[in-house]
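# Analysis of the macromolecular model
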Amino acid sequence: MKNGMSILIANSPNAMSLWFENDKIYFLLEDGRELGVPIDWFPKLVNATEAELNNWRLIGGGDGVHWPDLDEDISVEGLLVAGH
């Protein structure tokens with residue numbers, strides 16, 4: 001199983017977009033998958049205003065997302081590993 005995880009990480013798709021819905025943050029990945037995780041995994045996001053949440057940008061060509069107002073970064077690879 002560990003080898004399978006290494007392959008997953010090596011080929012992690014990039015994020016193309018994200019949105020918030022029903023106390024979750026959703027990421028649209030370049031391979032068509034939608035990845036949803038509880039927003040409470042990220043304390044800085046839970047306590048953020050709507051304006052702060054919506055002020056995000058993709059970093060590393062979609063390897064991750066950065067919220068400049070919150071000094072928060074989330075990596076797609078980290079989310080995929082956390083889900084396994």
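In this report, we go over the structure that sits alongside the text. (Residues numbered from 1 in each chain as written. Predicted model: local features only at pLDDT ≥ 70, side-chain atom pairs only at ≥ 80, totals over all residues. Heavy atoms only, no water.)

## So, the packing of aromatic side chains
As enumerated under the stated definition, the model contains two aromatic pairs in all. Taken together, a centroid distance of 5.5 Å and an interplanar angle of 10° make the contact between Trp-19 and Tyr-26 stacked. A relative accessible area of 26% places Trp-19 in the partly exposed class. Taking 6.5 Å as the distance between ring centres and 55° as the angle between the ring planes, the aromatic pair formed by Trp-41 and Phe-42 counts as tilted. (Phe/Tyr/Trp six-rings, centres within 6.5 Å; stacked < 30°, edge-to-face > 60°. Buried < 20%, exposed > 50% of the residue type's maximum accessible area, 1.4 Å probe, protein only.)

## Details of the pattern of salt bridges
Scanning the entire structure with this criterion turns up one salt bridge. Between Asp-31 and Arg-33 there is a salt bridge; the shortest N-O distance is 2.8 Å. A relative accessible area of 44% means that Asp-31 is categorised as partly exposed. (Salt bridge = Lys/Arg side-chain N within 4 Å of Asp/Glu carboxyl O.)

## A short note on unusual backbone geometry
Although it is not a glycine, Asn-22 adopts a positive phi angle of roughly 50°. Note that Asn-22 resides in the loop between strand 1 (15–21) and strand 2 (24–29). (Helix = DSSP H or I, 4+ residues; strand = E, 2+ residues; numbered from the N terminus.)

## Thoughts on the sheet that holds strand 2
What the three strands build is an open sheet, ordered 1-2-3; its pairing is antiparallel. Looking at which strands have only one partner, the edges of the open sheet turn out to be strand 1 and strand 3 (34–38). Direction aside, the axes of adjacent strands within the sheet are offset by 20° on average. With five bridges connecting them, strand 2 and strand 3 associate as antiparallel partners. (Pairing = 2+ DSSP bridges. Axes fitted to C-alpha atoms, helices over the stretch in contact; angles between N-to-C directions.)

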